[in-house]
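Residue strings, one per chain:
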Amino acid sequence: MWHASEPDSVPDSVKGIAVMHAEKLKLVLCWHMHQPHYRDGQDGQYRLPWVYLHAIKDYTDMVAHLEAMPEARVVVNFAPLLLEQLTDYVRQLRQWLDHGQPMQDNMLNMLAGVVPVPAGVGQRAKLLQDCQRAHPPTMILPHAEFQGLLDVCQPMLHHAAMAGQGLMFLNEQFFLDLLVWYHLAWMGVSVHQRDARVGKLMDRARGFAASDRRMLLEVIHDAMQDIIPRYRALHEQGQIELSTTPYGHPIVPLLLDFDSMADAQPEAPRPEHTGYPGGLERARWHMDKGLQVFAEHFGGRPRGIWLSEGAVSTDAVALLEEYGIQWTASGQGVWYKSCQLSGLNESMTCNRALYRPAQLDKISCKVFFRDDGLSDLIGFQYKDWHADDAARDFCQNLVNIANYLGDTVQDHVVTVILDGENAWEYYPNNAHYFLTALYRALSRHPRIEMTTFSDALQRGAKPLTLPRLSAGSWVYGSFSTWIGERDKNLGWDLLVEAKQAFDRVRQAGRLAAEQEAAAKEQLAICEGSDWFWWFGDYNSAETVSDFEQLYRQHLARLYHLLGEPVPERLGQPVSYGSGHMENSGTMRRN
């Protein structure tokens, strides 16, 4: 049974905080749930396990926190590609459990016994490395049995005299136990508390039989199949607002116009090609497909759209207006640069305008702006704090803002947006203590009103007219994470050339309707933002290699679907990587 600490009438996290005004400050917490398309463009196999691992750890825990605290109100944004992959994993797990049909994920197949533990040194070394893709202090060290398995094989892998050959002396059961513990380490706190089978497996510790591993796969299936219905139920009850993103998670302003990078990166080098051909048509396709996927999973239509990476421009917001979308959001850097362009110098210095939704000329869709400081406290800082201290500090920051706004506090809304899955592995116990304390403190605070973007607009958040919107994203207020650097620009040039081939073949009438539909979906995968996010020397070589290979494979698959030869330069890496980024590079601190 999932349980949170029972709150006092006045939570500890609220005690001692000064109260000066009666009006409440509106707060929107928006959790963005997203994973890119991890299937290999050639054989359809999932090459990275992050969809199902984050599902059993984070998407389960995040909804459990909300179920345990009905007063807590938030916005949850689900990217369509994530929804489709979650559904696909549930289907594949069910097919294996019922009919023994192999899954399209090698790690799950190995766990199930569908494929054997590899015999070669190189493959065993890779399996060992794959089973350590977790933050050791919070996900490996707390499990003595898991750490003990790793301690056995580390000398065999790193000792120069053995050169990894020692891995050959470990039997198959050793690696099966390692696989089981890797998945148990990724299991969410709520799954552990709700499902007694997890505790049974942990108590067994070693020597996991085929029946034990089947039980673990049943746990994974059962946890994953309930995720979407649980969020949908909270949405239908009015506790949360659900929103979505254009289908393939593209950077819409760059699809529309490469010149949109000029607002924040006027001197940055550009791709060889001057723009993305047919970008508006493609952006509309992503909108149509994204809304379709949302309706299939949640019913109805969202009021808001989180444009991928909070990437906005006037043309991108105008596109949302075409679809009757009521709100979108971006980062504080976009707000600041927009104030500069608009001559709102007073707003820049006092920050009051940051807490009001913006409205552009002749466009009714409102733009909310993220408080980067508050968001980064959750994303990067509070992991090292005691949960109650962190919740108290977060509330005090909000009270300070409310006091500063004074009698106009009811006109404003503070926006906090961050990934709903990537921060928690750096917290103790998957942020269980922190999120419990945070939701308890916020939902019962006398000065704070947890709300949603749509409700904030209906309940008094007054829009501020913004003469100019600076094109940019929630990362640094620019598009520099995706364009304007050698490797990223090369990625765009390869994409433009693939789109040109797509246009030629389509215009020549060489594709039947089903072929064209398949090619459009494949093109959408190639247009996603995540490939460009990882290109660049500042990211780790291992992660860059994973993503740039997938990118080239997806482009190659597009050419195959078009019946066109694959360009030779797709045989060469786009980027190598050599750096080390905070939180493994999955998030950026502003």
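All values derive from a computational prediction rather than experimental measurement.

## Digging into the confidence of the model for the protein
Caution applies to low-pLDDT regions: their predicted coordinates should not be interpreted in detail. Per-residue confidence for the protein averages 92 on the pLDDT scale, and 92% of its residues sit at or above 70. Confidence over residues 1–21 falls short of pLDDT 50; this stretch has 49 contacts with residues more than four positions distant or in other chains. Confidence drops under pLDDT 50 across residues 581–585; counting only partners more than four residues distant or on other chains, this segment forms 15 contacts.

## Comments concerning the nonpolar core
By size, the foremost hydrophobic cluster in this structure holds 198 residues, and its most contacted members are Trp31, Tyr231, Ile378 and Phe434. Filtering out sequence-adjacent residues up to four positions away, phenylalanine 434 remains in contact with Ile378, Tyr382, Ala387, Ala390, Trp424 and Tyr427.

## Quick notes on the sheet that holds strand E9 (residues 464–465)
Taken in spatial order, the 4 strands make up an open sheet running E4-E6-E5-E9, and their pairing is mixed. Each edge of the open sheet carries a strand with a single partner, namely strand E4 (327–330) and E9. Across 4 bridges, the pairing between E4 and strand E6 (residues 366–369) is parallel. Residue serine 330 lies in a different strand from E6, and its bridge partner there is phenylalanine 369.

## A word on the packing of helix H4 (residues 121–130) against helix H7 (residues 172–185)
Orientation of H4 relative to H7, taken along the N-to-C sense of each, is 25°, at an axis distance of 10 Å. With respect to their mutual orientation, H4 and H7 come out roughly parallel. Considering only the axes of H4 and H7, their crossing is left-handed. Listed contacts from H7 to Arg124, Leu127, Leu128 and Asp130 of H4 are Phe175, Leu178, Leu179 and Tyr182.

The rules behind these values
- Residues numbered from 1 in each chain as written.
- Predicted model: local features only at pLDDT ≥ 70, side-chain atom pairs only at ≥ 80, totals over all residues.
- Heavy atoms only, no water.
- pLDDT = per-residue confidence, 0-100.
- Contact = heavy atoms within 4.5 Å.
- Core = buried A, V, L, I, M, F, W, Y, C linked by side-chain atoms within 4.5 Å.
- Buried < 20%, exposed > 50% of the residue type's maximum accessible area, 1.4 Å probe, protein only.
- Pairing = 2+ DSSP bridges.
- Helix = DSSP H or I, 4+ residues; strand = E, 2+ residues; numbered from the N terminus.
- Axes fitted to C-alpha atoms, helices over the stretch in contact; angles between N-to-C directions.
- Parallel < 35°, antiparallel > 145°, perpendicular 65-115°, else oblique.
- Left-handed = near helix turned anticlockwise from the far one by under 90°.

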